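# Architecture at a glance
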Amino acid sequence: MIRPGPSGADLLDKLRALSARRAAFEADGACPGDTTIDEVLSASEVVIRGRRTLMLGSNNYLGLTFHPEVRAAAREAVDRYGVGTTGSRAANGTLAIHTALERALAAPFGKRTAIIFTTGYQANLSVIAGLCRAGDVLLVDADSHASIFDAARLSGATTLAFHHNSPEDLARKLARLPSGRRDRLVVVEGVYSVRGDAAPLKEIVAACHEHGAYLMVDEAHSFGAYGARGLGRAESEGILADTDFVVGTFSKALGGVGGFCVSDRSELEGLRFLARSYVFTASGSPATIASVHAALRVIARDPALRARLWANTRRLRAGLEAGGCALEPVESPIVSIPVGDEAAAIALWQRLLEEGIYVNIMVPPACPPDACLLRASGSAAHTPGEIDRAATVIARVVRKTDVTAAD
Ligand code: PMP
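Everything numeric in this text was worked out from a predicted model, so none of it was measured.

Rules behind the numbers
Residues numbered from 1 in each chain as written. Predicted model: local features only at pLDDT ≥ 70, side-chain atom pairs only at ≥ 80, totals over all residues. Heavy atoms only, no water. Helix = DSSP H or I, 4+ residues; strand = E, 2+ residues; numbered from the N terminus. Contact = heavy atoms within 4.5 Å. Lys, Arg positive; Asp, Glu negative; His and termini not counted. Charge placed at Lys NZ, Arg CZ, Asp CG, Glu CD. Pairing = 2+ DSSP bridges. Axes fitted to C-alpha atoms, helices over the stretch in contact; angles between N-to-C directions. Domains from an automatic or database assignment. Buried area = accessible area lost by both parts, 1.4 Å probe. Salt bridge = Lys/Arg side-chain N within 4 Å of Asp/Glu carboxyl O. Polar contact = N/O pair within 3.5 Å; in protein donor to acceptor, adjacent residues only side chain to side chain. Buried < 20%, exposed > 50% of the residue type's maximum accessible area, 1.4 Å probe, protein only. Near = heavy atom within 4 Å. Parallel < 35°, antiparallel > 145°, perpendicular 65-115°, else oblique. Left-handed = near helix turned anticlockwise from the far one by under 90°. Nonpolar A, V, L, I, M, F, W, Y, C, P; charged D, E, K, R; others polar.

Scanning the chain for helices and strands turns up 15 helices and 14 strands. For the chain, the C-alpha atoms occupy an extent of roughly 60 × 55 × 50 Å along the three principal directions. Here the contacts in the chain between residues at least 6 apart in sequence split such that 68% fall between residues at least 24 apart. Taking the average place of the 44 positive charges on the side chains of the chain and the average place of its 45 negative ones, the gap between the two points comes to 3 Å.

Quick look at the sheet that holds strand β14 (residues 372–377) now. What the three strands build is an open sheet, ordered β11-β14-β13; its pairing is antiparallel. Each edge of the sheet is formed by a strand with only one pairing partner; in this case those strands are β11 (334–340) and β13 (360–362). The average angle at which neighbouring strand axes cross in this sheet is 25°, direction not considered. As paired elements, β13 and β14 share three bridges and run antiparallel to each other. Its bridge partner lying in β14, Met362 is registered against Leu373. Where helix α13 (residues 303–322) meets the sheet, it contacts β11 and β14, and its direction lies at approximately 25° from that of β11.

All right, on to the domain arrangement of the chain then. Each domain of the chain was delimited in the assignment, giving domain 1 (26–55 + 303–401) and domain 2 (67–301). Relative placement of domain 1 and domain 2: their C-alpha centres are 27 Å apart. Tallying the contact residues gives 16 residues for domain 1 and 18 residues for domain 2. Regarding the contact of domain 1 and domain 2, the summed buried area is about 1200 Å², with carbon and sulfur atoms giving 56% of it. The interface formed by domain 1 and domain 2 contains one salt bridge. For Glu328, the salt bridge identified is with Arg195, shortest N-O distance 2.9 Å. Counting across the interface, domain 1 meets domain 2 through seven residue pairs in polar contact (both at pLDDT 80 or more). Put simply, the parts of the chain that give the side of domain 1 that touches domain 2 at least two residues each are α13, β11 and β14.

Moving on to the pairing of β11. The element β11 is extensively covered by neighbouring structure, given that five of its seven residues are classed as buried. Sheet topology note: the β11/β14 ladder contains six bridges and is antiparallel. Counterpart to Pro338 in the pairing with β14 is Leu373.

Inspection of the region around the ligand gives 15 residues, with Gly120, Tyr121, Asp218, His221 and Thr249 positioned closest. Between the ligand and the protein, one listed contact pairs an oxygen atom with a backbone N or O atom of Gly120 at 2.8 Å. When residues in the shell around the ligand are grouped by element, the largest group, three residues, is from helix α5 (residues 120–131).

Before going further, it helps to spend a moment on the packing of helix α4 (residues 96–109) against helix α12 (residues 286–301). Contact geometry of α4 with α12 gives a least axis separation of 10 Å together with a crossing angle of 25°. Here α4 is positioned roughly parallel relative to α12, judged by the angle of their axes. In the crossing of α4 with α12, the sense of the turn from one axis to the other is left-handed. Counting all contacts with α4, which are made through Ile97, His98, Ala100, Leu101, Ala104 and Leu105, the residues of α12 involved are Pro286, Ile289, Val292, His293 and Leu296. Per-class residue counts for the contact of α4 with α12 are nine nonpolar, two polar and no charged.

If you want it as structure tokens, here you go:
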């Protein structure tokens, strides 16, 4: 006999509760997490609720979504290959442009193997749950992205979360495991997506070496922004050779949709048969694959884009601080503004939208209930004038609401 679950209620009750919460927003204003963008005018400007809005929440770090060469590559791929792949590579076959993109990703990293995935989320599911299973040990930073935690669950491995950015805690946890085994994977992010802080990669590598752990670095927010060739923080910290698996996404600096893993471990190729989120899902569309390949060429050729991203990021930080905003004390293209509880965060976010500024909002479960954030991301696409306008408006709105005003 099937017994009622602990709630004894209707499955749909939890969704009804969310709908009721959402209905409250419809009367009042925009709903966080569900904003409709009516038009995209450029990589830095959109139309929301009929208003021209400066986009500071796109992760479009290099502004490549509108780059002429990137758009042309997508158009040409649609004409040559059609709009979709209509299935997985395992079932329907691999297009030559998929393998060409894999080679183009492996080459700059100087790694033997690259595999692309349909999203960055699926890259993490495939690599982590492909490498680890019940009996293995996964050590993940406590502030990891949802895809890393979901992958941990999917893998069935024993998962230990170490304190955020603490190589000491990681080393302590590794030291407690039986020695002489190679059944452990450490997962960190180059730059953490919520607060924008960077991982102490050299110290993490040292802990992995000492305790025989494999290391995976997720460069979702750092690829394109860090390193002499824009490969991410493993490059900028000089630890590429010590990183067993570099994972990244196409959906930020590369302006597309998809994900990748590069590695010198040629065993990685086995994921093509083993990883369920590779085998049982459709491969990236021709337009996406071709546009990402073109974006890689642009990034390799044009370091000025990276310089512009950093100039804009520093300008935004300086403008916000001059306007009295207390910021997270980290320097990365993610500029996070602590704003207190959820109600304050939503009120500020809505006011900014009314003033024509779109930023990301971080509320639970993305952060603790009393540590909500507004999160602006810089882009090479912004003009200095746009950055100044954004900083002035954000600082004024935040000051007026008196949530984070410095002293
Ligand atoms: N890893 C990290 C650290 C991320 O921030 C994200 C997306 N925000 C992902 C993976 C997932 O990437 P995608 O959007 O391509 O699925």
